[in-house]
Each structure stands twice: as structure tokens, then as C-alpha cells.
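Take a look at the letters that make up each chain.
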Amino acid sequence: MTHAYTGGPMRGHPRFNFDKFFEVEQHCLSIGWTVSNPARHDLETYPLMETWEGFADGDIEKCPEFDIKRAMRWDLQEVILADVLLLMPGWHHSSGALLEKHVADVCGVPVKVWGSDALY
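Residues numbered from 1 in each chain as written. Predicted model: local features only at pLDDT ≥ 70, side-chain atom pairs only at ≥ 80, totals over all residues. Heavy atoms only, no water.

**Describing helix 4 (residues 95–107)**
Then, in step 1: In this model helix 4 runs 18 Å from its N-terminal to its C-terminal C-alpha over 13 residues, within 8% of the 18 Å that 1.5 Å per residue would give.
Then, in step 2: Buried residues of helix 4: Gly96, Ala97, Glu100, Lys101, Val103 and Ala104, and no others. Each buried residue of helix 4 lies within a common arc of 160 degrees when the element is viewed along its axis, so the set occupies one face. With respect to the buried face of helix 4, the exposed residues turned more than 90 degrees away are Ser95 and Val106.
Then, in step 3: Buried residues in helix 4 make contact with strand 1 (3–7), helix 3 (68–81), strand 3 (84–87) and strand 4 (111–113). (Helix = DSSP H or I, 4+ residues; strand = E, 2+ residues; numbered from the N terminus. Expected span 1.5 Å × (residues − 1). Buried < 20%, exposed > 50% of the residue type's maximum accessible area, 1.4 Å probe, protein only. Arc of directions from axis to C-beta. Contact = heavy atoms within 4.5 Å.)

Rendered as C-alpha cells:
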């Protein structure tokens, strides 16, 4: 069974782009894959996140409860454990997704871009 990690832009996007992360997660599950979804992990870690002042606008500065180091520690571990890193549109403009891609490349984890057959 294929295990995917979903990566892509979050900061600066409405609702931190969670809707897109859940769409991709649902598709992966529908084809029998397992998924590590950082949006789901963030909501499990911070159950009240959707009520934070900055959540609607994707403004991390208005979400002081969020711990980026804690999030990235989980994210990068999951990239290393994944069979494939599945990047979403706009990943080129995301510092977190660029880091996740670099870790995947270093560790030999294949990278696919959502909506494309291209491998990076």
C-alpha cells in the first residue's frame, strides 16, 4: 500500500489551504493509499485552530498558539517515512514545501505534483 505525504502552500492562503489538503487526502484514500496530511495533523494538535483570529486568512502571525518547530518536526519525519511526496499547486512558493521536497530528494522519496504526471 502506498503511503503519501501531502505538501504544499499553507501560510497566506485562506484557511491555510486546508480545504485543498483535505481534497487531496480524500482522493488518495479513495485509491487505497494511506496519507500523512499536515492539515489534519495541525487540527488534531490544535483542536481550536479554526477559531483563531488568523485562521480564516492564513495569517500565522495572528495564530500565536501555533508552534512551527513542532509542526515541521512532524512534517519532515512524515516525509522521510512516506513512499511518495505529493506536492500541490503553488508548492514552489512555499518555504515549507520547498524544504519537504529537499528532504524527499535527499532521502530518495519520489515526488509527484498533484494534477501532473511529472516526477521531480
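**Observations regarding the pairing of strand 3**
Then, in step 1: With burial as the criterion, each face of strand 3 is covered, one bearing Val84 and Leu86 and the other bearing Leu85 and Leu87.
Then, in step 2: Pairing between strand 3 and strand 4: three bridges, direction parallel. Its bridge partner being in strand 4, Leu85 is matched across the sheet by Val111.
Then, in step 3: Running through helix 4, the crossover from strand 3 to the neighbouring parallel element strand 4 is right-handed. (Pairing = 2+ DSSP bridges. Right-handed = clockwise from strand over helix to strand, strands pointing away.)

**Observations regarding the state of the cysteines**
Then, in step 1: Under the criterion given, the structure shown has zero disulfides.
Then, in step 2: Of all cysteine sulfurs, the one in Cys107 lies closest to Cys28, which takes part in no disulfide; the gap is 20 Å.
Then, in step 3: Cys28 gets classed as buried once you look at its relative accessible area, which sits at 1%. (Disulfide = S-S within 2.5 Å.)

**Focus on helix 1 (residues 18–30)**
Then, in step 1: Over its 13 residues, helix 1 runs 18 Å from end to end, which matches the ideal 18 Å to within 8%, given 1.5 Å per residue.
Then, in step 2: By the burial criterion, the buried members of helix 1 are Phe18, Phe21, Val24, Glu25 and Cys28. Projected onto a plane normal to the axis of helix 1, the buried residues spread over an arc of 125 degrees and lie on a single side.
Then, in step 3: The elements touched by buried residues of helix 1 are strand 1, strand 2 (34–36), helix 2 (38–45) and strand 3.

**Observations regarding the packing of aromatic side chains**
Then, in step 1: The tally for this structure, following the rule as stated, stands at seven aromatic pairs.
Then, in step 2: Relative to Trp74, the ring of Tyr5 has its centre 6.4 Å away and its plane inclined at 50 degrees; by these criteria the two rings are tilted. Taken together, the residues span a long stretch of sequence, with Tyr5 in strand 1 and Trp74 in helix 3 at a distance of 69 residues.
Then, in step 3: A relative accessible area of 0% means that Tyr5 is categorised as buried.
Then, in step 4: With a centroid separation of 6.4 Å and 85 degrees between ring planes, the pair formed by Phe18 and Phe22 is classed as edge-to-face. Taken together, the residues Phe18 and Phe22, both in helix 1 and four residues apart, mark about one turn of the helix.
Then, in step 5: Grouped by ring-pair contacts, the aromatic residues Phe16, Phe18, Phe22 and Phe55 constitute a single cluster.
Then, in step 6: Cation over ring: Arg70 sits above Tyr46, and NZ or CZ is 5.9 Å from the ring centre. (Phe/Tyr/Trp six-rings, centres within 6.5 Å; stacked < 30°, edge-to-face > 60°. Lys NZ or Arg CZ within 6 Å of the ring centre and 35° of its normal.)

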